[in-house]
Amino acid sequence: MDLWLTTQVMDAALAGVFGLLVGSFLNVVIYRLPKILERQWAAECAELSGTPSPAAAGEAITLARPRSRCPACGHAIRWYENIPVLSYLALRGKCSSCGARIGMRYPAVEIATAG
């Protein structure tokens, strides 16, 4: 019986960690996908109207690039500042560089996905 219980706890813990990682990626999608689509639509509108594309001047945005940054100061988020939920708690919900508040949405999505 103890082996069965241990296995169940380990499976639940592993599923929870995987859920936190998926939640962290979902936060990236939630933040970046509207920006990606807006740039794509602006480029298509510019192409149809024959004007230069305003999106061509900026840095390309994908789900993988550029690295995550603080929206307030532009500080590049280090790997240890990007650990789901734990980094939010360690940083007390603030940017390590400028002290700007980090929204509760980030850990909420991670915890909900882990659940």
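Below or above, wherever it landed, is the structure these notes cover.

1. Thoughts on the overall build of the protein
Along the backbone of the protein there are 3 helices and 0 strands. When the elements of the protein are put in sequence order from the N terminus, they spell out α-α-α. For the protein, whose C-alpha radius of gyration is 19 Å, the value lies well above the compact-globule estimate of 13 Å for 115 residues. Dimensions of the protein along its principal axes, counting C-alpha atoms only, are 70 × 30 × 20 Å. A fraction of 53% describes how many contacts in the protein between residues 6 or more apart in sequence connect residues 24 or more apart.

2. Brief notes about the side chain of R32
Counting through the fold element by element, R32 comes out in helix 1 (residues 2-49). R32 sits in the buried class, given a relative accessible area of 9%. There is a polar contact of 3.1 Å between the side chain of R32 and the backbone oxygen of T62. Excluding anything up to four places from it in sequence, R32 contacts I61, T62, L63, A64, R65, P66, R67 and S68.

3. A word on the packing of helix 1 against helix 3 (residues 105-114)
Relative orientation of the contacting elements helix 1 and helix 3 amounts to 135 degrees, with a least axis distance of 7 Å. Put simply, helix 1 runs oblique to helix 3. Considering how the two elements wind past one another, helix 1 and helix 3 form a crossing that is right-handed. Together, G16, G19, L20, V22, G23, S24, L26, N27, I30 and Y31 of helix 1 and R105, Y106, V109, E110, I111, T113 and A114 of helix 3 make up the contact between the two elements. When its residues are assigned to classes, the contact of helix 1 with helix 3 shows 9 nonpolar, 6 polar and 2 charged.

4. Topic: the side chain of E81
Relative to the helices and strands, E81 is located in the loop between helix 1 and helix 2 (86-90). Of the polar contacts made by the side chain of E81, one reaches the side chain of H75; its length is 3.2 Å. In this structure the side chain of E81 is engaged in a polar contact, spanning 2.8 Å, whose partner is the side chain of R78. In this structure E81 touches H75, A76, S87, L91 and S96, once residues within four positions along its chain are discounted.

5. Some words on unusual backbone geometry
Geometrically, the link from R65 to P66 is a cis peptide bond, its omega value of -5 degrees lying close to zero. When you line up the elements, P66 lands in the loop between helix 1 and helix 2.

6. Observations regarding the environment of G115
Its location among the elements puts G115 in the segment after helix 3. In this structure the C-alpha to C-alpha distance between G115 and C73, which are 42 residues apart in sequence, comes to 32 Å.

7. Re the layout of surface pockets
There is about 820 Å³ of room inside the largest pocket. As for the largest pocket, its lining consists of 34 residues, of which S68, R69, P71, I77 and Y106 are closest to the centre. Elements supplying a minimum of two residues to the lining of the largest pocket: helix 1, helix 2 and helix 3. It is helix 1 that provides the largest number of residues to the lining of the largest pocket, a total of 6 residues.

About the criteria used
Residues numbered from 1 in each chain as written. Predicted model: local features only at pLDDT ≥ 70, side-chain atom pairs only at ≥ 80, totals over all residues. Heavy atoms only, no water. Helix = DSSP H or I, 4+ residues; strand = E, 2+ residues; numbered from the N terminus. Rg over C-alpha atoms; globule rule 2.2 N^0.38 Å. Contact = heavy atoms within 4.5 Å. Buried < 20%, exposed > 50% of the residue type's maximum accessible area, 1.4 Å probe, protein only. Polar contact = N/O pair within 3.5 Å; in protein donor to acceptor, adjacent residues only side chain to side chain. Axes fitted to C-alpha atoms, helices over the stretch in contact; angles between N-to-C directions. Parallel < 35°, antiparallel > 145°, perpendicular 65-115°, else oblique. Left-handed = near helix turned anticlockwise from the far one by under 90°. Nonpolar A, V, L, I, M, F, W, Y, C, P; charged D, E, K, R; others polar. 1 Å grid on protein atoms, 1.4 Å probe; cavity = no way out; pocket = protein on both sides within 12 Å on 5 of 7 lines; lining within 4 Å. Points joined across faces, edges and corners; volume = space filled by probe spheres on them.

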